[in-house]
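# Remarks on the overall topology
Here is what each chain is made of, one letter per residue.
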Amino acid sequence: MEKMIFRNKTNIIKSKISIKETEKRNNLYDVLRLIGIIGVIIIHVTAENMYGSVDKNTLINNFYNSLVHSWAVPLFITISGALILTKPDLNIIKVYKKYIPRILFCFIFWHFFYYYYQYRDFNIIRCLNYFVTGNTYPHLWYLYLMLGFYIISPILKRLADNLNQKELIYLLSIGFFINSFIPTLNNIFDLDLSVYFDSLLVLKISPFIFYYLLGYYLSKYNVKHYKLMFALFILLIILLSVYQNTLSVEQNVLINYSTNTNILAIFFIVPVFTIAKKYFNERYNKKIEIIGSLTFGVYLIHFIVEKIFFKFGIYSNMINPVVGVPLTVLIVTIISYFISFIIYKIPYVNKIIKWSNIIV
């Protein structure tokens with residue numbers, strides 16, 4: 001009897017060790033988060049200067065914006081899909097008991113924070129009404145998106161887990177064609193190809209769900225020819241950026257073809273995810289983990305840092321934006337990381353950014 005008890009205890013210890021080994025930390029998603037947040041900050045920094053006359057400075061900001069606008073947010077969604085849909089214990093009960101309360105806690109806090117920053121009053125009823133109706137600070141829309149993703153994630157997980165690789169590719173191909181390829185052609189060449197696919201609207205899914213499922217696929221399977229995809233991205237994004245700036249000058253109206261549905265997002269996300277997976281999936285560095293763990297705090301904070309800079313006349317056009325844009329992005333990123341790090345070190349208070357890490 002004693003031998004049996006000892007054997008059972010040994011098996012329990014071994015199982016716990018094996019669980020810890022399977023959950024071994026790596027820096028894959030930390031690196032991807034850092035790439036994503038730099039892209040998001042570039043979008044917001046350049047957007048402050050993309051208005052008014054189509055002059056040299058506006059075109060330079062438009063060029064920088066175009067390099068990242070198509071893939072920055074989709075990359076975050078892809079990361080979320082890779083992390084959430086692969087959770088072995090994800091189910092409807094756990095979603096509503098654990099994950100959604102965490103998101104709501106962070107979301108409500110930051111909504112109130114930015115509401116006061118914007119309106120300078122403590123009208124709780126008005127603030128809550130804005131929250132319910134989606135009238136919040138611009139970059140917080142992503143939290144509504146993630147709230148929706150968690151609500152449907154248990155179902156999407158059941159779907160994805162029961163599809164083999166070929167079936168997943170088939171589903172993603174439909175999503176790419178309807179939600180990315182066709183809209184890109186419509187946008188760039190001023191077409192209306194969608195009318196030819198009205199009878200296939202049943203196949204239309206949200207482009208965000210497409211990226212979400214793409215994250216699941218990339219986390220499970222390797223992709224061939226990713227180097228060629230990345231080379232095509234570099235070539236096409238430069239050509240597109242130059243082309244839209246040329247049209248902007250000719251028509252004297254600022255034109256920007258970079259959207260979340262642009263096909264170039266796929267040509268960036270797939271190879272970058274694959275490269276990061278190849279080099280960081282088996283590597284761990286504590287400093288990189290800290291940077292990754294602060295990323296969502298930076299996402300929440302950087303907007304106010306940027307707005308304060310702009311309020312005091314500090315922005316990328318102060319000097320030549322060729323240098324001014326990357327310099328402003330660097331300064332905003334460093335300050336946002338510093339503030340996020342300070343918050344991260346304060347017990348209890350750190351949950352307003354720490355719990356948010358579950359989102360991305």
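Each value, and the rule that gives it
- Residues numbered from 1 in each chain as written.
- Predicted model: local features only at pLDDT ≥ 70, side-chain atom pairs only at ≥ 80, totals over all residues.
- Heavy atoms only, no water.
- Helix = DSSP H or I, 4+ residues; strand = E, 2+ residues; numbered from the N terminus.
- Contact = heavy atoms within 4.5 Å.
- Buried < 20%, exposed > 50% of the residue type's maximum accessible area, 1.4 Å probe, protein only.
- Phe/Tyr/Trp six-rings, centres within 6.5 Å; stacked < 30°, edge-to-face > 60°.
- Patch = residues over 30% accessible without salt bridge, like charges linked within 9 Å, V, L, I, M, F, W, Y side chains within 5 Å.
- Areas by Shrake-Rupley, 256 points an atom, 1.4 Å probe, with all protein chains shown as cover.
- Salt bridge = Lys/Arg side-chain N within 4 Å of Asp/Glu carboxyl O.
- pLDDT = per-residue confidence, 0-100.

### Considerations on the environment of Ile151
- Take Ile151: it is sitting in helix H7 (residues 141–161).
- Residues Ile151 and Asn91, spaced 60 residues apart in sequence, show a C-alpha to C-alpha distance of 10.0 Å.
- Apart from the residues lying within four places of it in its own chain, the contact partners of Ile151 are Tyr96 and Ile100.

### A look at unusual backbone geometry
- Although it is not a glycine, His225 adopts a positive phi angle of roughly 60°.
- Within the chain, Asn252 stands out as a residue other than glycine whose phi angle is a positive 55°.
- Relative to the helices and strands, Asn252 resides in the loop between helix H10 (226–251) and helix H11 (264–280).

### Let's talk about the environment of Leu168
- Mapped onto the fold, Leu168 is located in helix H8 (residues 165–189).
- The exposure class assigned to Leu168 is buried, which follows from its relative accessible area of 1%.
- Once residues lying within four places of it in the same chain are set aside, the contact partners of Leu168 are Ala160, Leu163, Tyr216, Tyr217 and Tyr221.

### So, the packing of aromatic side chains
- Applying the stated criterion to the full structure yields 31 aromatic pairs.
- For the pair Trp141 and Phe208, a centre-to-centre distance of 5.9 Å together with 45° between the ring planes defines the contact as tilted. On the criterion of sequence distance, the pair formed by Trp141 in helix H7 and Phe208 in helix H9 (residues 207–220) is long-range, its members being 67 residues apart.
- Since its relative accessible area comes to 31%, Trp141 is described here as partly exposed.
- Under the relative-accessibility criterion, Phe208 is labelled buried at 19%.
- Taken together, the ring pairs in this structure connect Phe109, Trp110, Phe113, Tyr114, Tyr117, Tyr137 and Phe303 into an aromatic cluster.

### So, a nonpolar patch on the surface
- A contiguous nonpolar surface patch, about 1,100 Å² in accessible area, is contributed by Ile308, Phe312, Ile314, Tyr315, Met318, Ile319, Val322, Val323, Leu327, Leu330, Ile331 and Ile334.
- When residues of the nonpolar patch are assigned to their parent elements, the largest contribution, six residues, is made by helix H14 (residues 321–344).

### Regarding the pattern of salt bridges
- Under the counting rule described, the total for this entry stands at six salt bridges.
- For the salt bridge of Lys307 with Glu48, the shortest nitrogen-to-oxygen distance reads 2.9 Å. Linking Lys307 in helix H13 (residues 295–311) with Glu48 in the loop between helix H2 (28–47) and helix H3 (56–69), this pair joins segments that are 259 residues apart in sequence.
- According to the relative accessible area criterion, Lys307 is partly exposed, its value standing at 25%.
- Classification of Glu48 as buried rests on a relative accessible area of 15%.
- For Asp121, the salt bridge identified is with Arg126, shortest N-O distance 3.2 Å.
- Asp121 gets classed as partly exposed once you look at its relative accessible area, which sits at 21%.

### Digging into the confidence of the model for the protein
- Across the protein, the average pLDDT comes to 86, with 89% of residues at 70 or higher.
- Least confident of the elements in the protein is helix H1 (residues 2–22), whose mean pLDDT is 43; most confident is helix H4 (residues 72–84), at 95.
- The low-confidence segment residues 1–23 (pLDDT under 50) makes zero contacts with residues lying over four places distant or belonging to another chain.

### A word on the environment of Ile255
- Inspection of the secondary structure puts Ile255 in the loop between H10 and H11.
- With 193 residues separating them along the chain, Ile255 and Asn62 place their C-alpha atoms 8.3 Å apart.
- Among all residues touching Ile255, those that are not within four sequence positions of it are Asn62, Gln244, Leu247 and Ser248.

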